[in-house]
Amino acid sequence: MVSEPTVTLVDSSVILDVLTDDPTWAERSAETLAQARDAGRLVINSIVYAEISVGFDRIEDLDEAVPASDFEREPLPFEAGFLAGKAFLRYRSRGGAGHAPLPDFYIGAHAAVRGYRLLTRDVAPCRTYFPSVELLVPERDDQPWTMARLSSQEVRDD
């Protein structure tokens, strides 16, 4: 029996690390991105695309930097919108300030609804509000919660 390929939703933080050649994260993010690509499909949604787009003047340049042949474009499921709203409401009821970006909730909800792994550096909202999502995180020695792979049971509170 042939198993389904692993699908990883890639957050803008990781792509931007690579595109901007971030001195701290570029190499680590590129390595983790390559591991995810080797394991299966990479997916982005319109929110990730929009967040990345701010560094480009032309859509053609963005599409060349983040080609659809490497990063499949997938629409945000309506169920993810509902889940994101509920997670944001929970965040606000716990005293969260309104400045937390709702896009983070949409991205986490998209991964949760589709059963995808999430490649991100924005671990806290995902582990708190979407504990079923397997996180793939670029490793960094000076952050004890950061490991190559995180599940909700393996994550320590900061």
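Summarised in this report is the structure supplied together with it. (Residues numbered from 1 in each chain as written. Predicted model: local features only at pLDDT ≥ 70, side-chain atom pairs only at ≥ 80, totals over all residues. Heavy atoms only, no water.)

## Focus on the nonpolar core
So, step 1. Counting residues in each nonpolar core, the largest one holds 37 residues, and the members touching the most others are Val-10, Ile-15, Ile-44, Phe-71, Phe-105 and Leu-118.
So, step 2. If one sorts the elements of this core by residue count, helix H5 (residues 78–93) sits on top with five residues.
So, step 3. Contacts of Ile-15, omitting those with residues within four sequence positions, involve Val-10, Ile-44, Val-48, Ile-52, Val-66 and Phe-71. (Core = buried A, V, L, I, M, F, W, Y, C linked by side-chain atoms within 4.5 Å. Buried < 20%, exposed > 50% of the residue type's maximum accessible area, 1.4 Å probe, protein only. Helix = DSSP H or I, 4+ residues; strand = E, 2+ residues; numbered from the N terminus. Contact = heavy atoms within 4.5 Å.)

## Some thoughts on unusual backbone geometry
So, step 1. In this structure, Asp-21 is a non-glycine residue whose phi angle is positive, near 55°.
So, step 2. With respect to the helices and strands, the residue Asp-21 is situated in the loop between helix H1 (12–19) and helix H2 (26–39).
So, step 3. The exposure class assigned to Asp-21 is exposed, which follows from its relative accessible area of 57%.

## With respect to the pairing of strand S2 (residues 40–44)
For a regular strand, the rule is simple: side chains alternate between the two faces of the sheet.
So, step 1. Where strand S1 (residues 6–10) and S2 come together, four bridges link them in parallel fashion. Looking at S2, one finds that Thr-6 is bridged to Gly-40.
So, step 2. Here S2 runs beside strand S3 (residues 72–73); their pairing, made up of two bridges, is parallel. If you follow Val-43 over to S3, its bridge partner there is Glu-72. (Pairing = 2+ DSSP bridges.)

## Some words on the pattern of salt bridges
So, step 1. Counted under the stated rule, the structure contains six salt bridges.
So, step 2. Between Arg-41 and Glu-72 there is a salt bridge whose closest N-O contact spans 2.9 Å. Of this pair, Arg-41 sits in strand S2 while Glu-72 sits in strand S3, placing them 31 residues apart in sequence.
So, step 3. Glu-72 gets classed as partly exposed once you look at its relative accessible area, which sits at 32%.
So, step 4. The salt bridge involving Arg-114 is made with Glu-74; its shortest N-O contact spans 3.8 Å. Here Arg-114 is found in helix H6 (residues 102–114), whereas its partner Glu-74 is found in the loop between S3 and H5, with 40 residues between them in sequence.
So, step 5. Glu-74 gets classed as buried once you look at its relative accessible area, which sits at 16%. (Salt bridge = Lys/Arg side-chain N within 4 Å of Asp/Glu carboxyl O.)

## Here we look at the packing of aromatic side chains
So, step 1. Scanning all chains against the criterion turns up five aromatic pairs.
So, step 2. Taken together through their ring pairs, the aromatic side chains of Phe-88, Tyr-91, Phe-105 and Tyr-129 make up a single cluster. (Phe/Tyr/Trp six-rings, centres within 6.5 Å; stacked < 30°, edge-to-face > 60°.)

## Topic: the packing of H5 against H6
So, step 1. At a minimum axis distance of 8 Å, the contact between H5 and H6 shows a crossing angle of 130°. Viewed along their axes, H5 and H6 adopt a mutual orientation that is oblique. At the point where H5 passes H6, the crossing takes the right-handed sense. Mapping the contact onto sequence places Glu-79, Ala-80, Gly-81, Leu-83, Ala-84, Ala-87, Phe-88 and Tyr-91 in H5 and Leu-102, Phe-105, Tyr-106, Ala-109, His-110, Ala-112 and Val-113 in H6. (Axes fitted to C-alpha atoms, helices over the stretch in contact; angles between N-to-C directions. Parallel < 35°, antiparallel > 145°, perpendicular 65-115°, else oblique. Left-handed = near helix turned anticlockwise from the far one by under 90°.)

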